[in-house]
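Remarks on the overall topology
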Amino acid sequence: MNAITPNATALPAPVGLLAELTHRCPLRCPYCSNPLELDRRSGELDTATWQRVLTEAAGLGVLHVHLSGGEPTARNDIVEITQTCAKLGLYSNLITSGVGGALAKLDALYDVGLDHVQLSVQGVDAANAEKIGGLKNAQPQKFAFAERVTQLGLPLTLNSVIHRGNIHEVEGFIDLAVKLGAKRLEVAHTQYYGWAYVNRAALMPNKAEVDRSIRIVEAARERLKGQLVIDLVVPDYYAKYPKACAGGWGRKLMNVTPQGKVLPCHAAETIPNLEFWYVSDHSLGDIWANSPAFTAYRGTDWMKEPCRSCDRREKDWGGCRCQALALAGDAAATDPACSLSPLHAKVRDLAVEEAAETPPDYVYRTIGSNVQPNVRTPLNEEAPL
Ligand code: SF4
Ligand code: FES
């Protein structure tokens, strides 16, 4: 294995590492951004390999490690992995559902130096939340977990993924965050990748509901200044400009899958013909600098019009490559979430149509299923759902 470090002047270091420790999860959220083909436990990296990856990440200049999944506390070695982060001076963020064995491991995680907890909440009303997450009795477990997080003095962020099944609860999410003592709340409208893409018609809210949710967040930001920070992720399909997905391709983030495949973003595997490298064969520095997947859409040389001559091209880096592939059939196209894309109006029309239809049942996230996305795009508008 080559231990290549990128040239600091030519290539900035990644800031964050998303460590997808496992795809196992007690919840089955239909908005999950994990891939449809989930990695099985038998193929997961072992403790020593994760520790080596974290050591390489620290050497590369990574500051934050997001311990994620699936449910990261499903790993027996989550405490050892967290301790390694602390020893290396990496800021560790546990991204958790707070159910299953999470509470039982929390004190040990705190003792070895866990820095931050991000807890998902699927809804405010327990029955609604548990329907979305696909797990009975999840809500009381989450509340008990949140209570222990704040008792320990750990900073708590609540993450609420918003869609048509819970958009009426945005005010309630804000009240809940205050009640649970969270310092931050993410009101994150669903991004349609992985399972969320399959479930798009079931999840798409209408524009009036989205606008109302934004007004509620803006008012609460004023009211709760100094008490609660609220991050708002607006839904792409109703946006004017796309977001800089993953901070720009190959610019800030490395995503390591449970089996050790290294991706520039969590949905990159949906793009055909990209060559991904594994931590078993290459050092993280080599992958960051030279992996074909990382270099494919880094910078602006790959861009086509209208991105190529757009003055926002180094702000949003052309939006999301995975969404461009899914909606425009070309990962190098302008993200159709952008109002300057020739497909934007059609994408918005699709969103309006889906939001007006009776929602189909959720397709719940599960390991070992053979789900095929059957989703309308601007290229197959006539396809039956
Ligand atoms: Fe961003 Fe491309 Fe749209 Fe310009 S045309 S705003 S660079 S996505
Ligand atoms: Fe892959 Fe946006 S999710 S670039």
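All of the points below concern the structure found in this document. (Residues numbered from 1 in each chain as written. Chains lettered and ligands numbered in written order. Predicted model: local features only at pLDDT ≥ 70, side-chain atom pairs only at ≥ 80, totals over all residues. Heavy atoms only, no water.)

This part covers the pairing of strand 3 (residues 91–96). In the sheet, strand 2 (residues 64–68) pairs with strand 3 via four bridges, with the strands oriented parallel. Counterpart to His-64 in the pairing with strand 3 is Tyr-91. With respect to chirality, the unit in which strand 2 leads through helix 2 (residues 78–88) into the neighbouring parallel strand 3 is right-handed. Where the polypeptide runs from strand 3 across helix 3 (residues 102–111) and back to strand 4 (residues 116–120), its parallel neighbour, the crossover connection is right-handed. (Pairing = 2+ DSSP bridges. Helix = DSSP H or I, 4+ residues; strand = E, 2+ residues; numbered from the N terminus. Right-handed = clockwise from strand over helix to strand, strands pointing away.)

What follows concerns the packing of aromatic side chains. Tallied over the full model, the rule gives five aromatic pairs. Relative to Trp-302, the ring of Tyr-297 has its centre 5.4 Å away and its plane inclined at 85 degrees; by these criteria the two rings are edge-to-face. For Tyr-297, a relative accessible area of 14% gives the class buried. One cation-aromatic arrangement involves Arg-298 over Trp-288; the distance from NZ or CZ to the ring centre is 4.8 Å. Above the ring of Tyr-241, the side-chain terminus of Arg-312 is found at 4.0 Å from the ring centroid. (Phe/Tyr/Trp six-rings, centres within 6.5 Å; stacked < 30°, edge-to-face > 60°. Buried < 20%, exposed > 50% of the residue type's maximum accessible area, 1.4 Å probe, protein only. Lys NZ or Arg CZ within 6 Å of the ring centre and 35° of its normal.)

To continue, consider the site of ligand 1. In the region of ligand 1, the neighbouring residues are Tyr-241, Pro-242, Pro-306, Cys-307, Cys-310, Arg-312, Arg-313, Asp-316, Gly-318, Thr-334, Cys-338 and Leu-340. Among the cavities detected, the one that contains ligand 1 is the largest cavity. Partitioned by chemical class, the residues of the shell around ligand 1 number seven nonpolar, two polar and three charged. (Near = heavy atom within 4 Å. 1 Å grid on protein atoms, 1.4 Å probe; cavity = no way out; pocket = protein on both sides within 12 Å on 5 of 7 lines; lining within 4 Å. Sits in = over half its atoms within 2 Å of the grid points. Nonpolar A, V, L, I, M, F, W, Y, C, P; charged D, E, K, R; others polar.)

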